[in-house]
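If you want the building blocks of each chain, they are given just below.
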Amino acid sequence: MTDEDPAWAWWIDERELAWHEAMVQRDLGLSGQAIDHFERSVAATPADEIRSQYLHRAYLLQAQVDIGAWDAAEQTIKQLVPLSREVGSTRTEVLLRGIPGQLAIRAKVPPAFREQVGMLTTILDEAPV
């Protein structure tokens, strides 16, 4: 942000632009292309912004599930588990709780991934809200 930017533009940064581009791509049914932008939004989120890390990684996971990128999705869940124990976020929880339903109607989901999603769901049941 520069002195010439309007005061209301303080929140517009690389992370926000990448996330919004990812959402557009996903809404257009282009989850494969959205993943690159979600990855950029995660990378642009400072490590100490735990709540934002949680939210941006959850959207990344959703796009990975959309296209069946199971290995990458497993890695993302591993990153989400500790965050889900620390952060109470209804928005993120709603997104994550939708994943088991998605998997229920999909064939060829690796059993190990289904197990990880079950573990994440259990953690969400015990997590702060």
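Quick caveat, the model's predicted, so the values are computed rather than measured.

The next point concerns empty space enclosed by the protein. In total, this model carries one cavity of 30 Å³ or more according to the counting rule given. Size it by volume and the largest cavity reaches roughly 30 Å³. Elements with a contribution of two residues or more to the lining of the largest cavity: helix H6 (99-104) and helix H7 (111-126). With three residues, the top contributor of residues to the lining of the largest cavity is H7. Across the lining of the largest cavity, the residue classes tally to seven nonpolar, one polar and no charged.

Take the nonpolar core next. Grouped together as the largest cluster of nonpolar side chains are 32 residues, with contacts concentrated most on Phe-38, Leu-61, Leu-96, Leu-103 and Phe-113. Breaking this core down by element, the ones donating at least two residues are helix H1 (14-27), helix H2 (31-43), helix H3 (50-67), helix H4 (70-86), helix H5 (90-97), H6 and H7. Beyond its immediate chain neighbours, meaning those up to four positions away, Leu-61 contacts Ala-73, Thr-76, Ile-77, Leu-80, Leu-96, Ile-99 and Phe-113.

For the pair H3 and H5, the least separation of the axes is 10 Å and the interaxial angle reads 20°. Relative to H5, the element H3 lies roughly parallel. In this structure, H3 crosses over H5, and the sense of that crossing is left-handed. For the pair H3 and H5, the contacting residues are Tyr-54, Leu-55, Ala-58, Tyr-59, Leu-61 and Gln-62 in the first and Arg-91, Thr-92, Leu-95 and Leu-96 in the second. By residue class, the composition of the contact of H3 with H5 is seven nonpolar, two polar and one charged.

The next thing to look at is the layout of surface pockets. There is about 160 Å³ of room inside the largest pocket. If you go around the largest pocket, the residues you meet are Arg-15, Glu-16, Trp-19, Arg-51, Ser-52, Leu-55, His-56, Ser-89, Arg-91 and Thr-92. Breaking the lining of the largest pocket down by element, the ones donating at least two residues are H1, H3 and H5. Here the lining of the largest pocket takes four residues from H3, the largest share from any one element. Looking at side-chain class alone, the lining of the largest pocket contains two nonpolar, four polar and four charged residues.

By the definition in use, this model includes five salt bridges. Taking the shortest distance from any N to any O, the salt bridge between Arg-97 and Glu-93 comes out at 2.6 Å. Taken as a pair, Arg-97 and Glu-93 lie in helix H5 at a separation of four residues, close to a single helical turn. Taking the relative accessible area as the measure of exposure, Arg-97 reaches 32% and is therefore partly exposed. Put simply, Arg-97 and Asp-125 hold a salt bridge, and the shortest N to O gap is 2.7 Å. With Arg-97 in helix H5 and Asp-125 in helix H7, the pair connects residues that are 28 residues apart, well separated along the chain. Judged by relative accessible area, Asp-125 falls into the exposed class, the value being 54%.

Criteria and thresholds
- Residues numbered from 1 in each chain as written.
- Predicted model: local features only at pLDDT ≥ 70, side-chain atom pairs only at ≥ 80, totals over all residues.
- Heavy atoms only, no water.
- 1 Å grid on protein atoms, 1.4 Å probe; cavity = no way out; pocket = protein on both sides within 12 Å on 5 of 7 lines; lining within 4 Å.
- Points joined across faces, edges and corners; volume = space filled by probe spheres on them.
- Helix = DSSP H or I, 4+ residues; strand = E, 2+ residues; numbered from the N terminus.
- Nonpolar A, V, L, I, M, F, W, Y, C, P; charged D, E, K, R; others polar.
- Core = buried A, V, L, I, M, F, W, Y, C linked by side-chain atoms within 4.5 Å.
- Buried < 20%, exposed > 50% of the residue type's maximum accessible area, 1.4 Å probe, protein only.
- Contact = heavy atoms within 4.5 Å.
- Axes fitted to C-alpha atoms, helices over the stretch in contact; angles between N-to-C directions.
- Parallel < 35°, antiparallel > 145°, perpendicular 65-115°, else oblique.
- Left-handed = near helix turned anticlockwise from the far one by under 90°.
- Salt bridge = Lys/Arg side-chain N within 4 Å of Asp/Glu carboxyl O.

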